[in-house]
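Fold and contact review
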Amino acid sequence: MDKKTEDFYIRLKEELANNSSWPSEYLFKFIVPSDATKVETVENAFNEMGAVINTTQSKTGKYTSVSISVQMEDPQSVIDKYQELAVVDGIISL
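Read on for an overview of the structure. (Residues numbered from 1 in each chain as written. Predicted model: local features only at pLDDT ≥ 70, side-chain atom pairs only at ≥ 80, totals over all residues. Heavy atoms only, no water.)

Some remarks on helix α1 (residues 3-19)
Its 17 residues place the ends of α1 24 Å apart at the C-alpha level, agreeing with the 24 Å of an ideal helix rising 1.5 Å per residue. Those residues of α1 that sit buried are Tyr-9, Leu-12 and Leu-16. Seen from one end, α1 has its buried residues packed into an arc of 65°, which puts them on one side. For α1, the exposed residues lying more than 90 degrees away from the buried face are Lys-3, Lys-4 and Asn-18. (Helix = DSSP H or I, 4+ residues; strand = E, 2+ residues; numbered from the N terminus. Expected span 1.5 Å × (residues − 1). Buried < 20%, exposed > 50% of the residue type's maximum accessible area, 1.4 Å probe, protein only. Arc of directions from axis to C-beta.)

Some remarks on the environment of Lys-29
Topologically, Lys-29 is positioned in strand β1 (residues 24-33). Once the C-alpha coordinates of Lys-29 and Ile-68 are considered, the two residues, 39 residues apart in sequence, prove to be 6.4 Å apart.

Considering the packing of α1 against helix α3 (residues 75-85)
Here α1 crosses α3 at 145°, and the two axes come no closer than 9 Å. The two elements α1 and α3 meet at a crossing, and its hand is right-handed. In contact with Tyr-9, Leu-12, Lys-13, Leu-16 and Ala-17 of α1, α3 contributes Pro-75, Gln-76, Val-78, Ile-79, Tyr-82 and Gln-83. Grouping the constituent residues of the contact of α1 with α3 by class yields eight nonpolar, two polar and one charged. (Axes fitted to C-alpha atoms, helices over the stretch in contact; angles between N-to-C directions. Left-handed = near helix turned anticlockwise from the far one by under 90°. Contact = heavy atoms within 4.5 Å. Nonpolar A, V, L, I, M, F, W, Y, C, P; charged D, E, K, R; others polar.)

Considering the sheet that holds strand β2 (residues 52-57)
The antiparallel open sheet is built from four strands, whose spatial order is β2-β3-β1-β4. On the outer flanks of this sheet lie β2 and β4 (92-93), each paired with one strand and no other. Looking at chain direction, β2 and strand β3 (residues 63-72) are connected through six bridges and run antiparallel. When the bridges of β3 are listed, Ile-53 appears paired with Ile-68. This element, helix α2 (residues 36-44), spans β1, β2 and β3 of the sheet and lies at about 170° to β1. (Pairing = 2+ DSSP bridges.)

This is a description of form; function is not addressed.
Laid out in C-alpha cells, this is it:
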C-alpha cells in the first residue's frame, strides 16, 4: 500500500471513530465495471452479515453502482472491508 492510500485510511479511521458510536450502520458505496463476476465479488464480501445491497447499472451499462448498508463493529472493520475489496480490478470506493 502506498503512503497516500495509507494516510487516507488513517484519516478515515479517525473520522469514523470521532463521528459515530460503534457498532454502527455503515453505508459502503462502490462503482464497479459491469462484469457479473466483479459485482458478485463485492456482494459476496458482505454475505452472512445481514447487509442490504442495492445495485444500479449506469445508462451506458459500463458500470454498476453497488450500495451496501450493513452493521459494522468498529472503524477498523470498515477499513478492513475497503482493503479486502481494493483488489477488485477497476473498483472505485466512494
